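Residues per chain, in single letters:
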Amino acid sequence: MWRAADKRYSLGDTKDAPNLKNRPSILYLAASLLHFTHNAEYVQDYPNVPQWISRTGVYLAWVSITAVGVLPFSILFDVV
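Residues numbered from 1 in each chain as written. Predicted model: local features only at pLDDT ≥ 70, side-chain atom pairs only at ≥ 80, totals over all residues. Heavy atoms only, no water.

**Details of the overall build of the protein**
Stage number 1. Of regular secondary structure, the protein possesses 2 helices and 0 strands.
Stage number 2. Considering only residue pairs separated by 6 or more positions, the protein has 44% of its internal contacts joining residues 24 or more positions apart.
Stage number 3. Within the structure as shown, the protein displays about 6,800 Å² of accessible surface, and the carbon and sulfur contribution to it stands at 67%. (Helix = DSSP H or I, 4+ residues; strand = E, 2+ residues; numbered from the N terminus. Contact = heavy atoms within 4.5 Å. Areas by Shrake-Rupley, 256 points an atom, 1.4 Å probe, with all protein chains shown as cover.)

**Regarding the side chain of Thr-66**
Stage number 1. Relative to the helices and strands, Thr-66 resides in helix H2 (residues 55-76).
Stage number 2. Among the polar contacts made by the side chain of Thr-66, one reaches the main-chain carbonyl oxygen of Trp-62 at a distance of 2.7 Å. (Polar contact = N/O pair within 3.5 Å; in protein donor to acceptor, adjacent residues only side chain to side chain.)

**Some details on the layout of surface pockets**
Over the atoms, a rolled probe matching the size of one water molecule traces out where space is still vacant.
Stage number 1. Estimated volume of the largest pocket: approximately 280 Å³.
Stage number 2. Surrounding the largest pocket, Asn-22, Ser-25, Ile-26, Tyr-28, Leu-29, Ser-32, Ile-65, Thr-66, Gly-69, Val-70 and Phe-73 form its lining.
Stage number 3. When contributions to the lining of the largest pocket are tallied by element, the ones reaching two or more residues are helix H1 (23-41) and H2.
Stage number 4. A breakdown of the residues in the lining of the largest pocket according to their chemical character gives 6 nonpolar, 5 polar and no charged. (1 Å grid on protein atoms, 1.4 Å probe; cavity = no way out; pocket = protein on both sides within 12 Å on 5 of 7 lines; lining within 4 Å. Points joined across faces, edges and corners; volume = space filled by probe spheres on them. Nonpolar A, V, L, I, M, F, W, Y, C, P; charged D, E, K, R; others polar.)

**Brief notes about the packing of H1 against H2**
Stage number 1. Where H1 meets H2, the closest approach of the two axes is 8 Å, and the angle between their N-to-C directions is 160 degrees. Classified by the angle between their axes, H1 and H2 sit roughly antiparallel to one another. Read as a crossing pair, H1 and H2 show a hand that is right-handed. Here Leu-29, Ser-32, Leu-33, Phe-36, Thr-37, Asn-39, Ala-40 and Glu-41 of H1 lie close against H2, whose contacting residues are Arg-55, Val-58, Tyr-59, Ala-61, Trp-62, Ile-65 and Thr-66.
Stage number 2. Classifying every residue of the contact of H1 with H2 gives 9 nonpolar, 4 polar and 2 charged. (Axes fitted to C-alpha atoms, helices over the stretch in contact; angles between N-to-C directions. Parallel < 35°, antiparallel > 145°, perpendicular 65-115°, else oblique. Left-handed = near helix turned anticlockwise from the far one by under 90°.)

**Digging into H1**
Stage number 1. Across its 19 residues, H1 extends 27 Å between first and last C-alpha, which sits within 8% of the 27 Å expected from 1.5 Å per residue.
Stage number 2. Looking only at H1, the buried set comprises Ser-32, Phe-36 and Ala-40. All buried residues of H1 fall inside an arc of 65 degrees around its axis, so they share one side. Exposed and facing more than 90 degrees away from the buried side of H1 are Arg-23, Pro-24, Ile-26, Leu-27 and Leu-34.
Stage number 3. Among the structural elements, H2 are those in contact with the buried residues of H1. (Expected span 1.5 Å × (residues − 1). Buried < 20%, exposed > 50% of the residue type's maximum accessible area, 1.4 Å probe, protein only. Arc of directions from axis to C-beta.)

Purely geometric numbers; function is a separate question.
Set out below in structure tokens:
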């Protein structure tokens, strides 16, 4: 039976960081960018969207949200 104490490496261990286990994260990053790009390009076509929401604002929102997810990962695995 597997127990948490059986884990032999710490979260800061970089041996698993660059391998194929990151595919879901990369896939999410690409899907998120595609979704936000569509929203940014067609923001003026959506009904009842406030005027303060702009194309640039949507892209800045994506960068901000992505940074919140990427920075802790990069710090945890010493990628930066």
